[in-house]
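Structural overview
Listed here are the chains, written in short residue letters.
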Amino acid sequence: MLKPLCLLLSVMIVAACATSPLGRSQLQLFSDTEVAQMGLAAYDEIRKKEPVESDPRVNAYVRCVARAITAVVPSTGQAWEVTVFRDESANAFALPGGKIGVNTGLLKVATNQHQLATVVGHEVAHVLARHSGERLSNQTLVGTGLQAVQAIGGSMTPAKQQLMGLLGVGAQVGVLLPFSRTQESEADLLGLDLMARAGFDPRQSVALWQNMARTNGGGPPEFLSTHPSPGGRIEALQGRLPQAVSLYEQARAQGRQPACRVP
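Quick look at the structure, then. (Residues numbered from 1 in each chain as written. Predicted model: local features only at pLDDT ≥ 70, side-chain atom pairs only at ≥ 80, totals over all residues. Heavy atoms only, no water.)

**A look at the environment of Val-62**
Secondary-structure assignment places Val-62 in helix 3 (residues 56–70). Residue class for Val-62 comes out buried when judged on its relative accessible area of 0%. Other than its neighbours up to four places away in sequence, Val-62 contacts Val-82, Val-84, Val-102, Leu-107 and Leu-116. (Helix = DSSP H or I, 4+ residues; strand = E, 2+ residues; numbered from the N terminus. Buried < 20%, exposed > 50% of the residue type's maximum accessible area, 1.4 Å probe, protein only. Contact = heavy atoms within 4.5 Å.)

Next comes the structure, spelled out in structure tokens:
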């Protein structure tokens, strides 16, 4: 009995193999539609729980940056929605299903539109690279992910908290499940390209992560706690800057010149 079961599992894993935008092999047991439905449910849950920022200037600024980023994302047939949460932590997230959340505390660290675009681009890159589905798939193999997926409805149970953490919003629900270092590094590089293609200066990404390190006493912020040191992150970004600056110059020449006004 055990041998046929192992064979079936092996076939499922092979069938679920995928490739990230940077060429890395991934396990994807769930369809994009299934993961998007989970993302939408998680977003609704956070909207019920977290206070939403009402200042129209703050909302206009954040949405201006997010719109510029998502305008260069391949279309999925669904519009992106942005919510600004009144929360002092320097945090943001993006969810499958086209949902973005930005905390007001981030605006004290990301001091201009280019730095804010660095974080938004990073978070959107997690979605484009299907990192949430990858984490759900890996957790399902170890026996905990499926229980979380089954808990998508109903009250806020530990399993549902775990699901939301796997999707990328753990800081908002009290269960921190950071992305892996590999996924964080991918999101850094993909996000850098995204912001550049949107017309934001990728060189400002270095200043943003320097600000983050100072704010957090030399270490990365809590929601990026699995990422290599700030020095390692900056070194990786600098290595990709020539490509990103070229994309930025092309975007500017094509008229993509965002002018999002800091409130």
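Having seen the model, we can carry on.
**Examining the packing of helix 4 (residues 113–128) against helix 8 (residues 181–197)**
Put simply, helix 4 and helix 8 touch, their axes get as near as 7 Å, and they point 120 degrees apart. One element, helix 4, and the other, helix 8, form an angle in the oblique class. When you trace helix 4 past helix 8, the crossing you get is right-handed. On the side of helix 4, the interface is formed by His-114, Ala-117, Thr-118, Gly-121, His-122, Val-124, Ala-125, His-126 and Leu-128, while helix 8 contributes Gln-183, Glu-184, Ala-187, Asp-188, Leu-190, Gly-191, Leu-194 and Met-195. (Axes fitted to C-alpha atoms, helices over the stretch in contact; angles between N-to-C directions. Parallel < 35°, antiparallel > 145°, perpendicular 65-115°, else oblique. Left-handed = near helix turned anticlockwise from the far one by under 90°.)

**Observations concerning helix 2 (residues 32–49)**
Taking 1.5 Å of rise per residue, 18 residues should cover 26 Å, and helix 2 covers 26 Å from first to last C-alpha, within 8% of that figure. For helix 2, every residue scored as buried is listed here: Val-35, Ala-36, Met-38, Gly-39, Ala-42, Tyr-43, Glu-45 and Ile-46. (Expected span 1.5 Å × (residues − 1).)

**Some details on the packing of helix 3 against helix 4**
Helix 4 packs onto helix 3 with a crossing angle of 55 degrees between their chain directions and a minimal axis gap of 9 Å. On the basis of their axis angle, the class for helix 3 and helix 4 is oblique. Crossing angle aside, the handedness with which helix 3 passes helix 4 is right-handed. Contacts between helix 3 and helix 4 pair Tyr-61, Val-62, Val-65, Ala-66 and Ile-69 from the former with Gln-113, Leu-116, Ala-117, Val-120, Gly-121 and Val-124 from the latter.

**Points about the state of the cysteines**
A complete count under the given rule lists 1 disulfide for this structure. Disulfide pairing is shown between Cys-64 and Cys-260; the S-S distance is 2.1 Å. When the S-S torsion is -75 degrees, as for the bridge of Cys-64 with Cys-260, the disulfide is left-handed. Taken together, the residues span a long stretch of sequence, with Cys-64 in helix 3 and Cys-260 in the segment after helix 10 (230–253) at a distance of 196 residues. (Disulfide = S-S within 2.5 Å.)

**Structural notes on the sheet that holds strand 5 (residues 99–103)**
Taken together, the 3 strands give an open sheet; going across it, the order is 3-5-4, and neighbouring strands pair in mixed fashion. A strand with exactly one partner marks an edge of an open sheet, and here the two such strands are strand 3 (81–85) and strand 4 (92–95). For this sheet the average axis-to-axis angle between neighbouring strands, irrespective of direction, equals 15 degrees. Two elements, strand 3 and strand 5, share 5 bridges in a ladder whose sense is parallel. The residue of strand 5 that forms the bridge with Phe-85 is Asn-103. Packing of helix 3 onto the sheet brings it into contact with strand 3 and strand 5, and relative to strand 3 it is tilted by some 145 degrees. Strand contacts of helix 4: strand 4 and strand 5, with the helix running at about 30 degrees to strand 4, the strand carrying the most contacts. (Pairing = 2+ DSSP bridges.)

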